[in-house]
Each structure stands twice: as C-alpha cells, then as structure tokens.
Amino acid sequence: MDEQGRFLESAERLNQVRIDRALTLLPPLQRHLFQLIAHLIHHNSVYYPGYLPAEVPAGIYGYHPTRFVSQACDVVNLPLIDGTSAHYAFEGVYAMGSTASFGQNPQSDVDVWLVHRQDLSAQALALLRTKAARLTAWFATYQFEVNFYLVHPQQFCGKATERCGMPAAMAHEHSGSTQHWLLLEEFYRSQIRLGGKTIAWWPDAKLEPSLLSLGNVHQLPASEYFGASLWQLYKGLHKPHKALMKVLLLEAYASEYPHSALLCDRLWQKTLAGDFSCTNDAYYAIYETIEAYLLKLHDHRRLEIVRRCFYLKCGVFLSTPDQGKDWRYPQMQQLVQAWQWPESLILTLDGCEHWHSGQLQWFNQQLNELLMASYQTLLRFASTHELNEGLRIEELGMLTRKLHTHFSQDEDQIAKLNLLWSCTVAEAEVTIVASAKENRYYLYRQGPKPQQLLGESAICKGKTPSALMIWACLNGVSTPQTTWYELGQSHVTSRRLTDASRRLLQFIDHDWRVSKLDLCQPWHFRKLIFLLNLDCDPTIDWRGQEMMVDVMNANVFSLGRQKANMLGAVDAICLNSWGEWQCHRFEGDTALLQALEFVTPGLRRATKTVDIDVISCSHRLRQQLQLAVRNLLKQTVSLCHQVQPSSTLVQPLQIRYTRYGIFFNPLGMAYQDLSDAKSFYQQLSRSHLVTLPRPQLGDDPFSSMPKIIQHYAAKGAIQYFLRQRLDDIDVFILDEDNQLSHYVQHGSNMSELVNKVSHHYVFDEHYAKARFNMPQFFQLVRVAGELTVVPFGVDSANQDEEF
C-alpha cells in the first residue's frame, strides 16, 4: 500500500472509531437521530423535515444510506428514500467539536459543518439556511440540539480580503470574524465525516477528487489570538468551565509561537502510528496540552481548577454506582487516582446538580479570575501585532461591550450567578448581617441564629441591604417562599424585608433580551424600581395620624409643624438596555432629588415605555409615600420628553424647610435651592410648572457640537461621533463622564480611523486595565436634510438579533 493509501485508511479508521464512540455516548433515540443528519441534508423531500417547496440544493458527494439510516427512519416514522445523484450540492457533511470525545456529555450539542459547492448562488445559500433552521427545530422536538453551519470550501484559503464566502455575522453560536485559522484547526482535530469527501487534514496532503482540504492551518497568524480569546470569554458567560480550557489552550499555543505544536498534528501522528486508544481524543488532547503547559510554569492552582473543569465537562461521575461505564470510564479513574483527589472532592463534584449558591459563587469566581488572567496574557502577546485584518470592528465593539457588562468592576452592578449545572439555588431562609467596621452587608443562606452562621461564608456582600436583596431575587436564591432576616434587628424589620423581596420578585422577569443594536447604542432603562426606606425609615418615629395626611393631602416630604421628611433613603434598582442590573443608593433629605437626577438621562433615551414601580418598605405612611414618589416619577418621565432644545422646564418641590426647583433640559435634570431667589420663588408658588428660555451657551463645549449628540450622551460609555467632510473627518468624543473633546482628522477615511482608535484602546496599557470599555462609534449623516446618528458598521439585516 502506498503512502496516500495508508493515510486514507488511517483517516477512515479513526472516523469510524469516532462514530462508534459518539453513538455509545448518546441515548438510544438520539443515536438514530444522529444517523439521520446527513440523510436529511442529502434529500429535499415533502416526506422529510426541513422540506422547502423551492429548488433547495441537495445531494452529498458519494452519499448512499446505510442500514442504520433505514433503522433510524423506521424509529421516527419516516420513509426511506434511496438513490444517489451525479449532481450534488455538498462536498461533505461533518460533525465537529466535543461530539465523540471525552467532552461529550448529556447536555452537549452537535455542531455540523455543511461544506457546500463553491458555485452555489446567494439565493441557494439563503434557502439552505432556511432548511437548516427547520432541521434544527425538528431535532429539538426530540431534545436533541443540532446546529448547522454553511461553510464555503475556499473560506479558509488566501488572505482575508481575497477569501470567498466570508464568515457569517457573529451570533450566539457563530464566532463571526473573531477567529479563522484556530477554528479550522479545531475542525481538523475533531471532525467526523457523516457523508461526502474525506477531509485531508494531515500535513502536505496530496489532493484527489475524493478528498477535501479547507486550508493550511500552519498559516496561523499571531493577530488571531486576541479575537479568539475574546470569543472564548463571550462563550464563557454561559459555559465558563468549557471556555477556560479553550482559552488556556490558546495561551499554551501562544507560549510556543511561532513553533506551536498544534493538536491536529499530534492527533494525526497518533493515528498514523496505529494508536486508536481513548487517549487519541480531541478533548483529552486539550487537557494534556494544558497540563504540560501549566506544569512547566509550576502553576498548580490553575491546573487544579482545570482538572475540575475537565472532570465536570466530561460528566463521568465516578461515585455514582448506577452510572453506565462507557469507554472513558477507566481512563478517568486513572486520572483521578493520579491527581490524588480525596473521596470527598469526587462526591462534591458528582453532586454538582445540587450545588448551592455559595459553592457556585466560589467556583464561578475561580473561573472568572483564571479566564481574565489568560486574557491578559494573550493581550500582552497580541499587543506587538496589529489587530487581525479579518476582525470586523463592529463585531469587536459588540463583543467587548457584552463582556464589559459581565466583567465590569462597578460595585453598583448586580452580578449574575451562573448556575452551571445546578438545578436550583433557592433557600428557605436567608439572613443579612451588617458590618459596621467594613461598612458592608453580608448575606448568609441560613436563619438568624448565630450558631448557624458560625464558620459559614457569606454568599454575597454589598453596600446596602437592597443590593443583597436584588441579587438574591435575580439569581433564584430568594423565592416567594423565602423568609428574610436581619441579625440583631426586630421581627418587624424581618417581615419588611420578606415583603419587599416578594414585591421585587413580582416585578422581575428573566426576559433580558439584548440585541446587537442595543450593544452598539447608548444604554437606556427598561425597568426601574424605587425602593423606599428599606433600612433608613423616619416613619418609625413619626407619631401622627395617617388618615389626617390623606384628608389634608399633606406633603410627606415636609410634614407637620416640624416639616419632617418621611423619606430617608431611595434605592434605585434598574435594568438597562445592555442587560445590566444595577442598584444605586441615595440618602438624606435630597435623596429623592438625587435619584431623579440620576435616572432622568436613562429615561429620556428610552425608545419604549420604561417599566416603572415604587415599593415602599416604610413602617408607616407606606401608601402615601408610594403614591407621592410614583406621581413624581411619572411627571419626570413626561417632562424629560416634553422639554425642547430652546427651553428649560422647572417643577417646584418642597422638602422640609427648603423649596427646590427641578430643572429639565435636553441634557437631563438638575435641582437647585430656590430660597434666595425671591421673585422666582413667588412665580413658582403661583404655578406648578414654569418654562424658561435656555441661557446662552457661551463657552459651553456642547455649543460647538451638533445638538443631536446631546441625546446620545451616556455616562459610563466612551463615544466617538464622526462626520465626514470633503477631505477630513470631524471627530467628537464624549468620555465616560460626558466630557467633550473635538478634533479634525486630516487625510483619513472613516474605517481607517475607527481601526486605529480601536487598536489604541485595545492595546494601550492605560485602557487595557479598564478591560472591555471600548468606544462606541457613530456616524453623523444627513437623511432628508436632518442630521442623524447611525451606529458605525451595524448591519441592518441582523441588528435585532439577540446577542
């Protein structure tokens, strides 16, 4: 047998081993469904799921159904359609990823590449996408997740500017332009041919009609590591244990660059040597590579976490006696013995479906720290290179903005707890403990008895009780059946906390859909809750009659002879359009004014009605406070949308002995003590609402920029507004604090400018510390004579897709 024949025989044998392994790890029904994947792609029949009446391209090179396909059709009540055609639309159909590897577990999906002929039209590809989506939906009815990806055979050949079939737009399951060669390398090392041509994935392969090569992975550029690491961090928002292994593999590759020993080469050498044991496995090879890399660094802490991630990803639970012992079981036993894990650790890992919030918090924290450490290492590695030429800047912006919402160090942001494998984290009792020394509050998953809390770790800490409460409600720790306590406080306080948490749960839903367009625009509010007097309540000491307050329609912010303010604190709990939940605290006599000033810009920018609620936790005057604050909030929403660029609206409000004016203009809201403005005070006394002309702006920096930019200014975001002149570009910049700067860029086109600025923010040492707060870019363009703001580079065809 010649060398080429030996290569083909080895590749085919490995392919069959992988198919057998995949089927072994699948439940009985899914085994049959797996056998049908290629068959349903091969045919477009009215009798088969995915059928389209249009001329959908069909046919796989050299495909013919096996007896296993016939059995599968019988099981799901489909007729067997036989026959092959000389004309075919697909070079091949391949599963890739964790399928048939150590990493395949009951929750794993199946990723399928449909490598189509390069002469298919755009219309034909659109039809194929529709059919693939229908097939995905059909498989899902059997609780079997199958994702299809259309791949051009020349997609990985040539330079980015010359490639045919550029990658699809970024989506939940599609990395877009963030990675290219690394994606191909993963495909080569893990692919399973379900039908069509054999992949020539060995080095220096000689091609013939029955073979398919998608490109040379050894052309891997250093610039790709940055985009690939960002993509893995994004995937880590949902599956951090899996992403950690992928990003550490990138780190190991980068440490040997440009002579990185790629896993696909290592696996091929084993295959060629006749090693078809369980260690010739794509996922096991990832672990071996990371282990060797971390041992070389003497980094045993990261290695221990990686071992736990590998164990949990595989789902081979050694302490479960009734678990079936598949082909991975003996090797996993050997590994655990070599790692010298105690029985208690194995039991803890095997019980991951029942982990409580404290265990999840600890594990998530370890994963996030390690993910960020690897990202910083890869960022330093990539900083000596240009950004990947194929990386779309608009996708970079979306990705970094999404990551910023998760990895933000803003202490007012409410962290989302990744449940990982746990079925529920609900608690029957939780207790808040205040630390006067640290000026912090701690939440424990036990009742208020000190002996129960002794030796326990807090599951959450925050600046206020409200921050702990919203965290527990958002993350499923607090349910309508949960009882809340505050150690050292009265049962009245405990009852109030419990009631407040139940009100919060009624207001919170988990439909936090964030679109691509949302991430490319300034944030605005979607939900807003004012929580009143939760732990600072002046009504406890008030001795008046509530009925008289109602009869006299008294001002609860300036009540009685003492002019007492019954509002001691406001906690503004808000969900914005970037998917961030935050909790901001305002105290003192001007707490309500401070809260209104804070929320007005986010209300003004909202394109849809904001869901608003007020929850009073007062001991007394609960309904009166709720009504007064709710009315003021409604009026604020109305006024901030009524205000015109040429005017300012003023609303009076008495708080204790002071009369305040609340000023609304296009930039937001401000308040001022009007006690010394006698004539103005008299005017406000006669009228509830006054319209004032806007003052001359003079040296105000906003006077030099287009007025429309004012409506997009959002604190916390860096924003670039670009206006194309004949040969120059006007550049207006608003920083995180809305400080404006302006310059003119000469002799540059807009794309070059955006790329240059993005590279600066990615790799500059100062901004790298801020991690992911990348600028948002907007174009100023005239539409029908009106100056409008358009997010830079956003494709209108998929801007509403969830991301």
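This text goes with the structure placed above it.
Draft legend 1. How the structure looks around the overall build of the chain. Tallying secondary structure elements over the chain gives 24 helices and 23 strands in all. A globule of 803 residues ought to have a C-alpha radius of gyration of about 28 Å, and the chain, at 31 Å, matches this closely. In terms of overall dimensions, the chain has a C-alpha envelope of 105 × 75 × 55 Å along the principal axes. Evaluated residue by residue, the chain yields a buried proportion of 56% over its 803 residues. Long-range contacts, defined as pairs at least 24 residues apart, comprise 69% of the intrachain contacts of the chain with a sequence gap of at least 6. Here the chain displays about 35,700 Å² of accessible surface, and carbon together with sulfur accounts for 50% of that area. Taken together, the 73 basic and 81 acidic charged side chains of the chain have centroids lying 5 Å from each other.

Draft legend 2. Quick look at the sheet that holds strand S14 (residues 611-616). On the basis of which strands lie adjacent, the open sheet formed by four strands has the order S13-S12-S11-S14 and mixed pairing. At either end of the open sheet lies a strand with only one pairing partner, and these are strand S13 (581-587) and S14. Taking each pair of neighbouring strands and ignoring which way they run, the sheet shows an average axis angle of 15°. Bridging between strand S12 (residues 569-576) and S13 involves seven bridges; their strand directions are antiparallel.

Draft legend 3. Here's a closer look at unusual backbone geometry. Residue Pro 258 is bonded to the preceding Tyr 257 through a cis peptide linkage, with omega at 10°. Checked against the element boundaries, Pro 258 lands in the loop between helix H7 (240-255) and helix H8 (263-272). Positioned with a positive phi, Arg 656 is a non-glycine residue whose angle comes to about 55°. In this structure, Arg 656 sits in the loop between strand S15 (647-655) and strand S16 (658-665). Of the residues examined, Arg 656 reaches a relative accessible area of 32% and is grouped as partly exposed.

Draft legend 4. Region of interest: the pattern of salt bridges. Applying the stated rule across the entire model yields 27 salt bridges. In this structure, the salt-bridge partner of Glu 304 is Arg 308, at a minimum N-O distance of 3.0 Å. Here Glu 304 and its partner Arg 308 are both found in helix H10 (residues 300-314), four residues apart, which amounts to about one turn of the helix. Take Arg 308: its relative accessible area is 18%, and that puts it in the buried class.

Draft legend 5. Inspection of the side chain of Ser 501 at higher detail. Here Ser 501 shows up in helix H17 (residues 491-507). Accessibility expressed as a relative area gives 0% for Ser 501, which makes it buried. Among all residues touching Ser 501, those that are not within four sequence positions of it are Met 469, Cys 473, Ser 478 and Trp 484.

Draft legend 6. Seen up close, the sheet that holds strand S1 (residues 90-96). Read across the open sheet, the four strands follow the order S3-S2-S1-S4; overall the sheet is mixed. The sheet is open, and its two borders are formed by strand S3 (146-151) and strand S4 (192-196), each paired with just one other strand. Put simply, the sheet's adjacent strands are angled 20° from each other on average, direction ignored. Set on the sheet, helix H2 (residues 28-42) makes contact with S1, strand S2 (110-116), S3 and S4; between it and S2 the angle comes to about 25°. Against the sheet, helix H4 (residues 122-140) contacts S1, S2 and S3, and its axis sits at roughly 165° relative to S3.

Conventions adopted
Residues numbered from 1 in each chain as written. Predicted model: local features only at pLDDT ≥ 70, side-chain atom pairs only at ≥ 80, totals over all residues. Heavy atoms only, no water. Helix = DSSP H or I, 4+ residues; strand = E, 2+ residues; numbered from the N terminus. Rg over C-alpha atoms; globule rule 2.2 N^0.38 Å. Buried < 20%, exposed > 50% of the residue type's maximum accessible area, 1.4 Å probe, protein only. Contact = heavy atoms within 4.5 Å. Areas by Shrake-Rupley, 256 points an atom, 1.4 Å probe, with all protein chains shown as cover. Lys, Arg positive; Asp, Glu negative; His and termini not counted. Charge placed at Lys NZ, Arg CZ, Asp CG, Glu CD. Pairing = 2+ DSSP bridges. Axes fitted to C-alpha atoms, helices over the stretch in contact; angles between N-to-C directions. Salt bridge = Lys/Arg side-chain N within 4 Å of Asp/Glu carboxyl O.

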